Amino acid sequence: MFSGIVEEAAKVVAVKRDGGNVHLTLECSFTDELRIDQSVSHNGVCLTVVALPGDGTYTVTAIQETLERSNLGDLREGDLVNVERSMVMNGRLDGHIVQGHVDCTAICDELRKVDGSTYFRFDYNVAPEMARRGYVTVEKGSVTVNGVSLTVCNSQIDSFEVAIIPYTMEHTNFCRIKKGTRVNLEFDIIGKYLSRLMEVKDN
């Protein structure tokens, strides 16, 4: 379980394909605090630490299904990945409840500067069945974009906007998102449960 408060943008130092899987090796400031089997969010995807060689890097493995549902298969050496260690249950929930299970990807369609912040618009494909189950955004609700907990504005049926402050731009990979960039989305789990309960009630 995560909160969507990204700790930093880790750098990809190696990408190795192994059948349908991809092994990603990254470096970040808290590598020495990690342990094997620990869960870390990568662009919003919960992955398990599988190797700690002791050189300031660590390795995680993304399986084929994860690669198909997320943008992790797009990663190359030198790319930045938003990382967050699992939430400490006796701490403050500064973002919102994030599972680390990416629902789909979206494409950045527009960026614009407004009063010191940058507004990003993301478009995504939404199937009617998925929409009925809560895989949508709502105005002023929460959404996770590349692992970052954000507040939705200008919510549409197949798009939404988020406003990124300079601090977030500096400390996450939003600094590298441009028009056409593919990002990971995780919709609010509470909305999914409520939609599902309403569906069951109506049946």
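Quick caveat: nothing in here was measured; it's all calculated off a predicted structure.

1. A look at the UniProt feature "repeat: Lumazine-binding" (unreviewed entry) in the protein chain
Moving on, step 1. As annotated by UniProt and renumbered to match this structure, "repeat: Lumazine-binding" (unreviewed entry) occupies residues 1-96 and 97-198.
Moving on, step 2. With 6% helix and 43% strand, residues 1-96 has its two end C-alpha atoms placed 10 Å apart.
Moving on, step 3. Its end C-alpha atoms 21 Å apart, residues 97-198 is made of 21% helix and 37% strand.

2. Let's talk about helix α4 (residues 189-202)
Moving on, step 1. Compared with an ideal rise of 1.5 Å per residue, which puts 14 residues at 20 Å, α4 spans 20 Å between its outermost C-alpha atoms and is within 8% of the ideal.
Moving on, step 2. For α4, the complete set of buried residues consists of I189, K192 and E199. All buried residues of α4 fall inside an arc of 85 degrees around its axis, so they share one side. Exposed and facing more than 90 degrees away from the buried side of α4 are L194, L197, K201 and D202.
Moving on, step 3. Turning to α4, the residues buried within the fold contact α2 (128-132) and β12 (182-187).

3. Quick notes on the sheet that holds β12
Moving on, step 1. Reading across from one edge, β10-β9-β12-β7-β8-β11 is the order of the six strands in this open sheet, with antiparallel pairing throughout. What marks the edges here is a single partner per strand, and that holds for β10 (148-151) and β11 (159-164). Within the sheet, the average angular offset between the axes of one strand and its neighbour, ignoring direction, is 40 degrees.
Moving on, step 2. Pairing of strand β7 (residues 104-114) with strand β8 (residues 117-123), which is carried by seven bridges, proceeds in the antiparallel orientation. By the bridge assignment, I107 is partnered in β8 with D123.

4. Considering the environment of E77
Moving on, step 1. Mapped onto the secondary structure, E77 falls in the loop between α1 (64-69) and β6 (80-85).
Moving on, step 2. Between the alpha carbons of E77 and M89 there is a distance of 34 Å; along the sequence they are twelve residues apart.
Moving on, step 3. Discounting residues that sit within four places of it in the chain, E77 has contacts with V12, V13, A14 and V15.

About the cut-offs
- Residues numbered from 1 in each chain as written.
- Predicted model: local features only at pLDDT ≥ 70, side-chain atom pairs only at ≥ 80, totals over all residues.
- Heavy atoms only, no water.
- UniProt positions renumbered as here; feature names shortened; annotations may be inferred.
- Helix = DSSP H or I, 4+ residues; strand = E, 2+ residues; numbered from the N terminus.
- Expected span 1.5 Å × (residues − 1).
- Buried < 20%, exposed > 50% of the residue type's maximum accessible area, 1.4 Å probe, protein only.
- Arc of directions from axis to C-beta.
- Contact = heavy atoms within 4.5 Å.
- Pairing = 2+ DSSP bridges.
- Axes fitted to C-alpha atoms, helices over the stretch in contact; angles between N-to-C directions.

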